[in-house]
Amino acid sequence: MTEEDRIREIYHRVSEAAEHWPTTTLDYYHGQPFKALIAGMLSAQSREEQTLKAAETLFALADNPEDILKLTDRQILEAVRPATYYESKAKYVREICQRLVEIDGGVVPSELDKLVQYRGVGWKVAVLTRQVAFDIHDDITVDVHVNRISKRLGLVDPSIKQPEKINEALKQVMPREFWARWNSMMVQFGREVCKPTYPQCATCFLRELCPQIGVVQTGPRTFKNAEYK
Ligand code: SF4
């Protein structure tokens, strides 16, 4: 099996399985730039359910920048409390809305260099926002799941740490048509199978395709991968 065939097989197996798994939080805001931007910012270091709860609580109070600016600081703080670092993120919510209204005319920009000007929006959130809000897939969003699983699968050198460089390394080996869904698929796969501490290697449907790089402990049963070459 060539490396390209291996990658295609990995993609297709995960893609098929992902049809039966819960969608990711940001999928809720597909095609909705403002919500995608705010939810993306809230998602940093937060679990899916925390992000969704914070975002939905906030959007129930106000779902556009002008109306959010009419909320009190306390209202915003309480709304985003489920997210980690909620005190900072509550301030970012207001600052994002202010910049949107005062500089960008209330319209979320689609350019990467403009998105990273927003408070609390780094490269990862900017790439994610472009994907979710605008269907722009020039890059692969690199979060903890993409980072961990891509390295276990031998797609990225484990010594590469920066998300931008992991993105570039993945783009070197990943067919262009796979970039759009790689992040959401890895989030789902990482929650269900290739978990951070105890990946379910013994029952994983990728086991004969995976070199398990860096895996030191697996789920309930151990698996010795003798088939991967
Ligand atoms: S075999 Fe293990 S390390 Fe490899 S993808 Fe499956 S769960 Fe992850």
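Residues numbered from 1 in each chain as written. Predicted model: local features only at pLDDT ≥ 70, side-chain atom pairs only at ≥ 80, totals over all residues. Heavy atoms only, no water.

Things to note about the domain arrangement of the chain
The condition that has to hold: Delimitation of the domains relies on an automatic or database domain assignment. What makes two residues a contact is simply this: any of their non-hydrogen atoms within 4.5 Å. A 1.4 Å probe defines the accessible area here, and the buried area is the portion of it lost by two parts on being joined, summed over both. What counts as a salt bridge is simple: a side-chain nitrogen of Lys or Arg found within 4 Å of a carboxyl oxygen of Asp or Glu. Contacts described as polar in this section are N or O atom pairs within 3.5 Å, which, within protein, must combine one atom able to donate a hydrogen with one able to accept it, while residues neighboring in sequence count only if both atoms come from side chains. Numbering goes from the N terminus for both helices and strands, where a helix is a DSSP run of H or I of at least four residues and a strand is a run of E of at least two. In the scheme used here, Gly and all other residues not listed as nonpolar or charged are polar, with Ala, Val, Leu, Ile, Met, Phe, Trp, Tyr, Cys and Pro taken as nonpolar and Asp, Glu, Lys and Arg as charged.
Splitting the chain by domain gives domain 1 (3-22 + 140-209) and domain 2 (32-134). When each unit is reduced to the centre of its C-alpha atoms, the spacing between domain 1 and domain 2 is 27 Å. At the junction of the two partners, domain 1 supplies 12 residues and domain 2 supplies six residues. Overall, the association of domain 1 and domain 2 removes approximately 670 Å² of surface from exposure, summing both partners, and the carbon and sulfur fraction of that is 60%. Ranking the residues of domain 1 by area buried against domain 2 places T141, E164 and R191 at the top, with a combined share of 52%. Our count for the domain 1 to domain 2 interface comes out at one salt bridge. When the shortest N-O distance is used, the salt bridge between R191 and E48 registers 3.2 Å. Where domain 1 meets domain 2, there are two residue pairs in polar contact (both at pLDDT 80 or more). Looking at the side of domain 1 that touches domain 2 element by element, the count peaks at five residues for helix α11 (residues 179-192). Partitioned by chemical class, the residues of the side of domain 1 that touches domain 2 number six nonpolar, three polar and three charged.

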